[in-house]
Amino acid sequence: MNIFVCVKRVPDTETRIRVGADGQSIDPDGVKFVVSPYDEFAIEAALRLKEASGEGEVTAITLGESQAQDALRSALAMGADRAVLLEGEVTPDGLATARALAAEIETADAPLVLLGVKAADDDQQQVGPMLATLLGRPCATAVSTFELNGDRVVCRREVEGGTEVVELPLPAVVTITKGAFEPRYASLKGIMAAKRKPLETKPAQTADSRLRVESMELPPERTGGKIVGEGADAVPELVRLLREEANAL
Amino acid sequence: MSNVLAVVEQRDGALRGTAKEVIAAALGLAGASGGEVHALLVGGPGIQGVAEGLGEAGAEVVKVVEHEALADYHPDGYPEIVARIAGEDEYTAVLFAASALGKDLAPRVAARMDLPLAGDVTGLSIEGGEVNAIRPVYAGKAFTRVTIGATPALVSIRPNVFQPVNQAGAGRVEAVEMTEDPSSWPTRVVSFEATGGDIPDVAEAGVVVSGGRGMKDPENWTLLEELRAALGDGAGLGASRAVVDAGWRPHGEQVGQTGKTVAPKLYFAIGISGAIQHLAGMRTAGTIVAVNRDADAPIFKVADYGIVGDLFDVLPRLTEEIRALRAGG
Ligand SMILES: Cc1cc2nc3c(=O)[nH]c(=O)nc-3n(C[C@H](O)[C@H](O)[C@H](O)COP(=O)(O)OP(=O)(O)OC[C@H]3O[C@@H](n4cnc5c(N)ncnc54)[C@H](O)[C@@H]3O)c2cc1C
Ligand SMILES: Nc1ncnc2c1ncn2[C@@H]1O[C@H](COP(=O)(O)O)[C@@H](O)[C@H]1O
């Protein structure tokens, strides 16, 4: 079975964010970019499925500018077979992103599409279920593990207060959260092989973003507080401050 | 018309804590545009019974869809119904909670209605006739102000940020018929295994008690659970990634850049160092308390109140004092 995995290039989570000169986006200077962490889980899930069945192709796809090739190369190095770069602008409008991805995936023979539950930059948590809706496919979100059962995908979801099991008929879309799919490291051999794997670039069919970013700001510094004291003896004073000063109890 | 629709959640026939927050956020927008707030409640038989309470929270009209196939959230059914009803009136905005359920529901409604969605917002206003939203990005390391260039503006709001209101007045309840066909919904919900009892999800809890590697052993979580219970029903449990990776706690409790972003009124960081990815997820909490034996731990740079010391001495005393305080009224 062929599988598509949607990956996004984002700043490493270690990054200290600085606002760029435009006042609307981050200053990319010195920032290390990586594959968004949840997307690595999705790649891992696709690779395991392929390895278990011994057939089919894993395609990594991204919407982005030419630098987003890095993320695709990382996916290829982990073991994806081919990659597609939809060249276009990335905006916070998840529906515009989903449309561009849908235009490509629609025409491919890929019964399963995997995404990360959320991208580590915009934190929208929306592209997966939007893509599924556009494709007219069922979708399970925040899935920690899943398996194929004939022409159905059986997914375990983390929801409030428990675990839910849902079953979707293929073709389907699944968004992956942390769980069973701890990502492998790319081996040196994998990194070498990735250079020879097919990476296709085509213009993205994006619509204009209808979410306009007006400005970006850093949160006010927390002025940091006071050390109330040392050890258990400081507890009564802490509780008093929480009640009287912070009004939090 | 410039009404605002608040999509509110129930679970097991009871309103979720976020319901009144979504209505409060809707009131803010409706006030600015001179309209009313309508609430939409979808649920199983008998759900009309809880709809009245939404009037006090500020809803003029409460639309209720009641059907046995809707008792629990359904990922195909709910979006279909909500998109239909949201499209029947010319709403200025349609608001959801950015809860676990809302994060599944809202994007599907948005795609069905061909509308953009601003997710997990912490501030809303109307500027020049358009809805403006404040959205945390990079897990709270920065904020963006975005204009939503479409009507209705679809928004999900972060739990614990918008203050519920209480006013006299009962909402007018309107029953809306379900015209959708459950047999056309492809997804089958097979089972649900409860784990956390009645403890609220960390992303929605009003008070969060989080533990890190300093807790030493998963068995010591009974100490955190006791503190949590002493803080009352609205309190939830959180964890650092280090303890989730160690398998001590479920990933659903992880706070931070690759876990949940939380904004409770009160956050306890117990035996957590305060790595950048953890701080990202909790720095917008109202009041932060840290207990750590290392006075140089970065968590103290964001904490409002800190105690330097061994958590195994501090925790039992803290639980005891808070219990005494609450018992004393
Ligand atoms: C891609 C990526 C994503 C990440 N995402 C997240 C995330 O979402 N959330 C997250 O939390 N982390 C995340 N991390 C991990 C983060 O970098 C830290 O490793 C992690 O937060 C550390 O957890 P900790 O504070 O529990 O452990 P430690 O850093 O080991 O801190 C333990 C603390 O306990 C204190 N302590 C020990 N014993 C006692 C005692 N008896 N009494 C009092 N204090 C004591 C110590 O002084 C220390 O400060 C991420 C990392 C990466 C690379
Ligand atoms: N520009 C993009 N290109 C490819 N996939 C994307 C892109 N943006 C988001 N995704 C996918 O959608 C998931 C959720 O993203 P988001 O809704 O932005 O939080 C990500 O984890 C990716 O799998």
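Cut-off values and rules
- Residues numbered from 1 in each chain as written.
- Chains lettered and ligands numbered in written order.
- Predicted model: local features only at pLDDT ≥ 70, side-chain atom pairs only at ≥ 80, totals over all residues.
- Heavy atoms only, no water.
- Helix = DSSP H or I, 4+ residues; strand = E, 2+ residues; numbered from the N terminus.
- Rg over C-alpha atoms; globule rule 2.2 N^0.38 Å.
- Buried < 20%, exposed > 50% of the residue type's maximum accessible area, 1.4 Å probe, protein only.
- Contact = heavy atoms within 4.5 Å.
- Areas by Shrake-Rupley, 256 points an atom, 1.4 Å probe, with all protein chains shown as cover.
- Lys, Arg positive; Asp, Glu negative; His and termini not counted.
- Charge placed at Lys NZ, Arg CZ, Asp CG, Glu CD.
- Near = heavy atom within 4 Å.
- Polar contact = N/O pair within 3.5 Å; in protein donor to acceptor, adjacent residues only side chain to side chain.
- Nonpolar A, V, L, I, M, F, W, Y, C, P; charged D, E, K, R; others polar.
- Buried area = accessible area lost by both parts, 1.4 Å probe.
- Salt bridge = Lys/Arg side-chain N within 4 Å of Asp/Glu carboxyl O.
- Pairing = 2+ DSSP bridges.
- Axes fitted to C-alpha atoms, helices over the stretch in contact; angles between N-to-C directions.
- Phe/Tyr/Trp six-rings, centres within 6.5 Å; stacked < 30°, edge-to-face > 60°.
- Parallel < 35°, antiparallel > 145°, perpendicular 65-115°, else oblique.
- Left-handed = near helix turned anticlockwise from the far one by under 90°.
- Core = buried A, V, L, I, M, F, W, Y, C linked by side-chain atoms within 4.5 Å.

S.K.: In this structure, what is going on with the overall build of chain B? I would like to understand it.
M.R.: A tally of regular secondary structure across chain B gives 10 helices and 18 strands. Relative to a compact globule of 329 residues, whose C-alpha radius of gyration would be 20 Å, chain B shows 21 Å and is just as compact. Counting only C-alpha atoms and orienting by the principal axes, one finds that chain B spans roughly 60 × 45 × 40 Å. Residues classed as buried in chain B amount to 59% of the 329 residues present. Taking the intrachain contacts of chain B between residues at least 6 apart in sequence as the baseline, contacts between residues at least 24 apart amount to 65%. When the accessible surface of chain B is totalled, it reaches about 11,900 Å², and 47% of it is carbon and sulfur. Each charge sign in chain B was given a centre, from 27 positive and 42 negative side chains, and these centres are 7 Å apart.

S.K.: Could you clarify how one ought to interpret the site of ligand 1 in this entry?
M.R.: As a structural note, the neighbourhood of ligand 1 is formed by 27 residues, with B:Ser240, B:Thr258, B:Ser273, B:Gln277 and B:Asn292 the closest of them. The site occupied by ligand 1 is bordered by residues of chains A and B. The side chain of B:His278 places a nitrogen or oxygen atom 2.8 Å from an oxygen atom of ligand 1. For ligand 1, a nitrogen atom lies 3.1 Å from a polar atom in the backbone of B:Arg293. Burial of ligand 1 by the protein amounts to 81% of the accessible area it has alone, namely 980 Å². Of all the secondary-structure elements, those providing two or more residues to the shell around ligand 1 are helix 7 (241–245), helix 8 (276–282) and helix 10 (311–328) of chain B. Partitioned by chemical class, the residues of the shell around ligand 1 number six nonpolar, 15 polar and six charged.

S.K.: What's the story with the site of ligand 2 in this structure? I'm lost.
M.R.: Residue and element names in this part refer to chain A. Around ligand 2 sit 17 residues, and of these Cys6, Asp39, Ala119, Gln125 and Gln126 come closest. With respect to ligand 2, the backbone of Ala119 contributes an N or O atom lying 2.8 Å from an oxygen atom. Within the backbone of Gln124, an N or O atom sits 3.3 Å from an oxygen atom of ligand 2. In the complex, the protein chains occlude 98% of the 480 Å² of accessible area that ligand 2 would expose alone. Elements supplying a minimum of two residues to the shell around ligand 2: strand 4 (58–64), helix 3 (94–105) and strand 6 (112–116). Considering every element that reaches the shell around ligand 2, the biggest residue donor is strand 4, with three residues. Classifying every residue of the shell around ligand 2 by side-chain character gives eight nonpolar, six polar and three charged.

S.K.: Please explain the interface of chain B and chain A as it appears in this structure.
M.R.: When the parts of a complex come together, some accessible area is lost, and that lost area is often used as the size of the interface. Taken together, the contact between chain B and chain A spans 87 residues of the former and 77 residues of the latter. Carbon and sulfur atoms make up 54% of the surface buried where chain B meets chain A, a total of about 7,000 Å² over both sides. Viewed at the interface, chain A and chain B are joined by seven salt bridges. The partner of A:Lys178 in a salt bridge is B:Asp245, and the shortest N-O contact between them spans 2.5 Å.

S.K.: Mind showing me how you'd approach the sheet that holds strand 12 (residues 211–217) of chain A here?
M.R.: Paired through their backbone hydrogen bonds, the strands of a sheet run either parallel or antiparallel. Spatially, four strands are ordered 12(A)-10(B)-9(B)-8(B) in an open sheet, and the strand pairing comes out antiparallel. At either margin of the open sheet sits one strand with a lone partner, and together these are strand 12 of chain A together with strand 8 (123–127) of chain B. The average undirected angle you get between the axes of adjacent strands in this sheet is 25 degrees. This element, helix 1 (residues 18–33) of chain B, spans strand 8 and strand 9 (130–137) of chain B of the sheet and lies at about 10 degrees to strand 8 of chain B.

S.K.: I keep staring at the packing of aromatic side chains and nothing clicks. Help me out?
M.R.: For any pair of aromatic rings, the description rests on two quantities: the centre-to-centre distance and the angle between the ring planes. This structure, assessed with the given rule, holds four aromatic pairs over all chains. On the basis of an interplanar angle of 50 degrees and a centroid distance of 5.5 Å, the ring pair of A:Phe146 and A:Phe181 is categorised as tilted. Residue A:Phe146 is located in strand 7 (residues 139–149), and its partner A:Phe181 is located in the loop between strand 10 (172–176) and helix 5 (188–194); the two are separated by 35 residues in the primary sequence. With relative accessibility at 8%, the residue A:Phe146 sits in the buried group. Both rings, one in B:Trp221 and one in B:Trp248, keep their centres 6.1 Å apart while their planes meet at 75 degrees; by these two values the pair is edge-to-face.

S.K.: Quick question: what am I supposed to make of the packing of helix 4 (residues 77–86) of chain B against helix 5 (residues 100–113) of chain B here?
M.R.: Two measures define how a pair of helices packs: the angle their axes make with one another and the distance between the axes. All names here are of chain B. Direction vectors running N to C along helix 4 and helix 5 enclose 55 degrees, while the axes themselves pass 9 Å from each other. One way to sum up the angle between helix 4 and helix 5 is to call them oblique. Taken as a pair, helix 4 and helix 5 cross one another with a handedness that is right-handed. In this structure, helix 4 contributes Tyr78, Pro79, Glu80, Val82, Ala83 and Ala86 to the contact, and helix 5 contributes Leu105, Arg108, Val109, Arg112 and Met113. Class assignment of the residues belonging to the contact of helix 4 with helix 5 gives a composition of eight nonpolar, no polar and three charged.

S.K.: Is there a simple way to think about the nonpolar core in this case?
M.R.: By size, the foremost hydrophobic cluster in this structure holds 52 residues, and its most contacted members are A:Ile105, A:Leu131, B:Val65, B:Phe96 and B:Leu105. Examining the composition of this core, we find that seven residues originate from one element, helix 5 of chain B, more than from any other. Other than its neighbours up to four places away in sequence, B:Leu105 contacts B:Val7, B:Tyr73, B:Tyr78, B:Pro79, B:Val82 and B:Phe96. A:Ala71, A:Ala80, A:Val143 and A:Ala194 belong to the second largest nonpolar core, which has 41 residues in total.

S.K.: Please clarify how the packing of helix 6 (residues 235–244) of chain A against helix 10 of chain B should be interpreted in this entry.
M.R.: At a minimum axis distance of 9 Å, the contact between helix 6 of chain A and helix 10 of chain B shows a crossing angle of 45 degrees. The angle between the axes of helix 6 of chain A and helix 10 of chain B places the two elements in the oblique class. Crossing of helix 6 of chain A over helix 10 of chain B shows right-handed handedness. In contact with A:Val235, A:Pro236, A:Leu238, A:Val239 and A:Arg243 of helix 6 of chain A, helix 10 of chain B contributes B:Val314, B:Arg317, B:Leu318, B:Glu321, B:Ile322 and B:Leu325. Residues of the contact of helix 6 of chain A with helix 10 of chain B, tallied by class, amount to eight nonpolar, no polar and three charged.

S.K.: Would you explain the sheet that holds strand 13 (residues 226–230) of chain A in this entry?
M.R.: Taken together, six strands build an open sheet; the order of strands is 13(A)-18(B)-17(B)-16(B)-14(B)-15(B) and the sheet is parallel. Two strands lie at the open edges of the sheet, namely strand 13 of chain A together with strand 15 (235–239) of chain B, each paired on one side alone. Each adjacent strand pair in this sheet contributes to an overall mean axis angle of 20 degrees, direction not counted. Bridge analysis of strand 14 (residues 207–211) of chain B against strand 16 (residues 266–270) of chain B gives five bridges, and the strand direction is parallel. Along strand 16 of chain B, the bridge assignment pairs B:Val209 with B:Phe268. Strand contacts of helix 6 of chain A: strand 13 of chain A together with strand 16, strand 17 (287–292) and strand 18 (305–308) of chain B, with the helix running at about 175 degrees to strand 18 of chain B, the strand carrying the most contacts. Each of strand 14, strand 15 and strand 16 of chain B is contacted by helix 6 (residues 221–231) of chain B, which is oriented at about 170 degrees to strand 14 of chain B, the strand it contacts most.

Shape descriptors only; they carry no functional weight alone.
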